[in-house]
Amino acid sequence: MEGVGGGVLAPHSTENRYISFLLIVGCSQTTTPNLSSTASPAAQTANLTISAAASLRDAMDEIKPLYSKEKPNVTLSYNFGSSGALQQQIEQGAGVDVFISAATKQIDALQQKGLLVDGTRKNLLKNQVVLIVPQNSTVVADFKDLTSPRIKKIALISTFLAPIRNCQS
C-alpha cells in the first residue's frame, strides 16, 4: 500500500536549513533557520515552509497551534497542492523546508535527485480503502457482503483521485 511520506529538503539557499522530523507535531528544529543574528536565543525566530498534499490540509491546520504552543518562536507556513505539483515546484527551486507527500512516488523522485537531506525521510501514514455503511445496516458488514443479491447499488469514488489510486488491494 502506498503511504504518506515526508522528508526534509536539502537547503534551497545559502542559509542552513536542516530540520529533523518529529511525528507528533510535524517538525522540530536541530538548527534554527532564519535566525535573527542580533536576537537573544530566547527571542530568535524561524519560519518553516511546509509543502503538503492538499488532502492533509485539515491535519496540518490542527498541528499548527499545537506546534506553535511548543515552539512559539517558529512560524509554520503551508503550501498545499497535489503531490506531483509540489514535487515539480521543489525541483524548480521553490523554497521548501519540509515536504509531506500523499504518496511515496514523489518522495522517491526527490530523494533520487538528491533533494532530501539524508536520513530525514519518514513514512508517516498509509492509505486504506474503507467500507462505509449505514450505522444500523444488517445487510453489509464487510466487503464480501457487497456481492449479495440484496445489494442493488454501490457508490464508488473515482479511481483517478489520489486516495484510491494510491491504494493497492
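Before any of the text, the structure's been laid out above.
Along every chain, residues carry numbers that run from 1 in the direction the sequence is written. Only residues with pLDDT of at least 70 get local features here, since the model is predicted, and only at 80 or more are side-chain atom pairs given and counted; chain-wide, interface and lining totals rely on the full set of residues. Water and hydrogen atoms play no part in the side-chain values, which are based on all heavy atoms of the structure.

A. Expanded view of the overall build of the protein chain. Going along the chain from the N terminus, every DSSP run of H or I of four or more residues is numbered as a helix, and every run of E of two or more is numbered as a strand. A count of helices and strands for the protein chain gives four helices and seven strands. Helices and strands appear in the protein chain in the N-to-C order β-β-β-β-α-β-α-β-α-β-α. Residues counted as buried form 33% of the 169 residues belonging to the protein chain. Contact definition: two residues touch when any of their heavy atoms are within 4.5 Å. Pairs at least 24 residues apart make up 61% of the contacts formed inside the protein chain by residues separated by at least 6 positions. A 1.4 Å probe rolled over the protein chains alone gives each residue an accessible area, and that area as a share of the maximum for its type sets the label: buried under 20%, exposed over 50%, partly exposed in between.

B. Representation of the packing of aromatic side chains in the model. Each Phe, Tyr or Trp ring, with Trp reduced to its six-membered ring, pairs with another whose centre is within 6.5 Å; inter-plane angles below 30 degrees give stacked pairs, above 60 give edge-to-face pairs, and intermediate values give tilted ones. Taken as a whole, this structure holds one aromatic pair when the rule is applied. The interplanar angle of 50° and the centroid separation of 5.3 Å between the aromatic rings of Tyr-78 and Phe-80 together place this pair among those described as tilted. Each member of the pair, Tyr-78 as well as Phe-80, carries the same accessibility label: buried.

C. A look at the pattern of salt bridges. For this document, the term salt bridge refers to a Lys or Arg side-chain nitrogen within 4 Å of an Asp or Glu carboxyl oxygen. Under the definition given, this model contains two salt bridges. Of the charged contacts in the structure, one is a salt bridge between Glu-91 and Lys-113, with a shortest N-O distance of 2.8 Å. Of this pair, Glu-91 sits in helix 2 (residues 83-91) while Lys-113 sits in the loop between helix 3 (104-112) and strand 7 (122-126), and the two are 22 residues apart along the sequence. Overall, the relative accessible area of 30% leaves Glu-91 in the partly exposed class. The closest approach of N and O atoms between Asp-108 and Arg-121, which form a salt bridge, is 2.7 Å. Linking Asp-108 in helix 3 with Arg-121 in the loop between helix 3 and strand 7, this pair joins segments that are 13 residues apart in sequence.

D. Spotlight on the environment of Gln-106. With respect to the helices and strands, the residue Gln-106 is situated in helix 3. Using a relative accessible area of 10% as the deciding quantity, one classes Gln-106 as buried. Sequence separation between Gln-106 and Gly-84 is 22 residues, and the spatial gap between their C-alpha atoms is 6.4 Å.

E. How the structure looks around the environment of Ala-103. Note on placement: Ala-103 falls in the loop between strand 6 (98-101) and helix 3. Taking the C-alpha atoms as reference, Ala-103 lies 7.4 Å from Ser-83; in sequence the two are 20 residues apart.

F. Molecular detail of the pairing of strand 4 (residues 46-53). Among the eight residues of strand 4, seven are classified as buried, and the element is accordingly described as predominantly covered. When strand 4 meets strand 5 (residues 74-81), the two strands line up parallel, connected through eight bridges. Its bridge partner being in strand 5, Ala-53 is matched across the sheet by Gly-81. In this scheme, strands are said to pair when DSSP sees at least two bridges between them. As judged from the three bridges shared by strand 4 and strand 6, these two strands associate in the parallel manner. Note on strand 6: the bridge partner recorded for Ala-52 is Ile-100.

G. Local environment of the side chain of Gln-87. Mapped onto the fold, Gln-87 is located in helix 2. The contacts of Gln-87, once residues within four sequence positions are left out, are Phe-99, Gln-106, Ala-109 and Leu-110.

H. Fine view of the packing of helix 2 against helix 3. For every element, the axis is a line fit to its C-alpha atoms; helices are fit only across the contacting stretch, and the angle between N-to-C directions ranges from 0 to 180 degrees. Running from N to C, helix 2 and helix 3 cross one another at 15°; their axes reach a closest spacing of 9 Å. What the angle tells us is that helix 2 and helix 3 run roughly parallel. You can see that helix 2 and helix 3 cross each other, and the crossing is right-handed. Residues Ser-83, Gly-84, Gln-87, Ile-90 and Glu-91 of helix 2 touch helix 3, and the partners they reach there are Gln-106, Ala-109 and Leu-110. In this count, Pro and Cys sit with the nonpolar residues alongside Ala, Val, Leu, Ile, Met, Phe, Trp and Tyr, while Asp, Glu, Lys and Arg are called charged and the others, Gly among them, polar. Partitioning the contact of helix 2 with helix 3 into residue classes produces three nonpolar, four polar and one charged. Note on angle classes: values under 35 degrees are labelled roughly parallel, values over 145 roughly antiparallel, values of 65 to 115 roughly perpendicular, and the remainder oblique. Whether a crossing is left-handed or right-handed is set by the direction in which the near helix is turned from the far one by less than a right angle, anticlockwise for left-handed and clockwise for right-handed.

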